[in-house]
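What follows is each chain in one-letter form.
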Amino acid sequence: MAKLKEKKKRRIIGEKETENVEKVKNSNDPESETGPNGSVKVYRSVNSRNPKNTRMQVVVGASGSLVNFVGTNYSGETTTPQLCSYALGVLDKETGVLKMVPIAANRIFRLDPKVRGLEQPDNEPVGGNKEEITKEEKDDKFKKLTAMYSTKQNVKRDVTHEKLRQTEEPGTEGNMEQKLKGIKINTEAIEAIASTANQRNIPPYNVEATSPEMAYPLDQIILKGDWNYLVDIFELVEAGLDVSSDVYPSFVCNRVHKIGNIKDESERKRMAGILSYMTHLIKYKDRHSMDGGVSSSRRHKLPSILAQKFSSMFNATKENRIPDEKQQLLVSYVLVLSLFADGFRSDPSDIAKDLRINTVSLRPHYEFLGCKFVSEKKVPLATLPVPLKFQTIKRKRRTR
């Protein structure tokens, strides 16, 4: 019975390895116990700095044979994540007792046959010859694995990166000049933009417009998706409720009555949407400025989609103010919408109050937009003649 147990014990590489490990610890001496029918040798690297996780190698050989079976604890199955535990059961048939012996993951060895005299070079990896692959092949394999097993977000990210890296096919650069020759260039528009690019911030415009409504296209100022968030004033008017001056600017309160005079429902929604968009712009300016309007804008509910749009347009966040040049752009948007609300004959007195700008200081903003002032009952009104003609900015010459 004792011989049977000893024979079974010698077959358990993990246990035999543990016995030999203690004997060759911190040594590269390959000598170990040998049996009459074979030998089991354990090697441990003396250069390992971590005694709890050393690199070990087991060599099992049969007497009279040139073939040895070699296994390591740093290649094969042991290099993969161990998600389960291992145990070995030994059954004693006489007593009927089953002993379960746990085996650590790094004590399981896959034995590969090696012929004596044909040892591997020192610089060759233990796992065998591995063909070197290029970076492109490695990236291609990684992309295929990502497409097969990764999440949809990672797959979409790779597709987006691939599109951004795509370039035109070789040989098409020579056709670029021919493509540019077929493009009609509007020199008047370029001159108008060049003269106002550095000194004037204005909304999208059309210098060839034949009517004031087309000079500043409304569909390019208020996008199609924005109208769904501009129904607050329309709902108040339809319900017969008053528009409070504590919530809305004075310009809006003074023109709400125009909505009720419009018979067509779509036109009423259009007018109400313009006034609502103006309200959001003015409150957004108050929230991100230092002119005393912060307190009045705290209770204002700005739709998140418009808040993101304004932050992108005017380079402002929740904690900083709008740059000066972007404030001029915001004022230009408000003034253009006020012209739409007043039928392109607008009294600037109340909008100047809402923008906290002096009426005299606001007049150059209208002129930058191409507006002209006319007097009606001794009241100056801003009009928008077409086609648009912007003022030519005169620059002083430097004196040497």
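Details of the structure are given in the entry above.
Residues numbered from 1 in each chain as written. Predicted model: local features only at pLDDT ≥ 70, side-chain atom pairs only at ≥ 80, totals over all residues. Heavy atoms only, no water.

**Digging into the overall build of the protein**
Piece 1. In terms of regular secondary structure, the protein is built from 17 helices and nine strands.
Piece 2. A buried classification covers 30% of the 400 residues belonging to the protein.
Piece 3. Taking all contacts inside the protein whose residues are at least 6 apart in sequence as the whole, residues at least 24 apart take part in 55%.
Piece 4. In the form shown here, the protein has an accessible surface area of approximately 27,700 Å², with 52% of it arising from carbon and sulfur atoms. (Helix = DSSP H or I, 4+ residues; strand = E, 2+ residues; numbered from the N terminus. Buried < 20%, exposed > 50% of the residue type's maximum accessible area, 1.4 Å probe, protein only. Contact = heavy atoms within 4.5 Å. Areas by Shrake-Rupley, 256 points an atom, 1.4 Å probe, with all protein chains shown as cover.)

**Concerning the side chain of Asp342**
Piece 1. Looking at the secondary structure, you find Asp342 in the loop between α15 (324-341) and β7 (345-346).
Piece 2. The class of Asp342 is buried, set by a relative accessible area of 13%.
Piece 3. Ignoring anything within four residues of it in the chain, the contact list for Asp342 reads Phe251, Arg255, Lys258 and Asp347.

**Overview of the sheet that holds strand β3 (residues 67-72)**
Piece 1. Strand order in this open sheet of four strands is β1-β2-β3-β6, and the pairing throughout is antiparallel. Strands with a single pairing partner mark the edges of an open sheet, and in this sheet they are β1 (38-44) and β6 (112-115). Neighbouring strand axes in the sheet, compared pairwise and without regard to direction, differ in orientation by 25 degrees on average. (Pairing = 2+ DSSP bridges. Axes fitted to C-alpha atoms, helices over the stretch in contact; angles between N-to-C directions.)

**What about the sheet that holds strand β9 (residues 379-383)?**
Piece 1. An order of β7-β9-β8 is seen for the three strands of this open sheet, with the pairing classed as antiparallel. Among the strands making up the open sheet, the edge pair consists of β7 and β8 (372-376).
Piece 2. Summarising the sheet, β8 and β9 pair through five bridges and their orientation is antiparallel. Within β9, the residue paired with Ser375 across the bridge is Pro380.

**Some thoughts on the pairing of β3**
Piece 1. Relative to β3, strand β2 (residues 56-62) is paired through five bridges, and the arrangement is antiparallel. Residue pairing in the sheet places Val59 in a bridge with Val70 of β3.
Piece 2. Hairpin remark: β2 followed by β3, antiparallel, with four residues in the connecting loop; positive phi at Gly64, about 80 degrees.

**Remarks on unusual backbone geometry**
Piece 1. Cis rather than trans, the peptide bond between Val386 and Pro387 has omega equal to -5 degrees.
Piece 2. Following the sequence through the fold, Pro387 ends up in the segment after β9.
Piece 3. In the Ramachandran plot, Phe344 falls in the positive-phi region, its phi being about 65 degrees despite a non-glycine side chain.
Piece 4. The residue Phe344 is located in the loop between α15 and β7 in this model.
Piece 5. The exposure class of Phe344 is buried, given its relative accessible area of 8%.
Piece 6. Backbone geometry places Lys377, a non-glycine residue, at a positive phi of 55 degrees.
Piece 7. If you trace the backbone, Lys377 turns up in the loop between β8 and β9.

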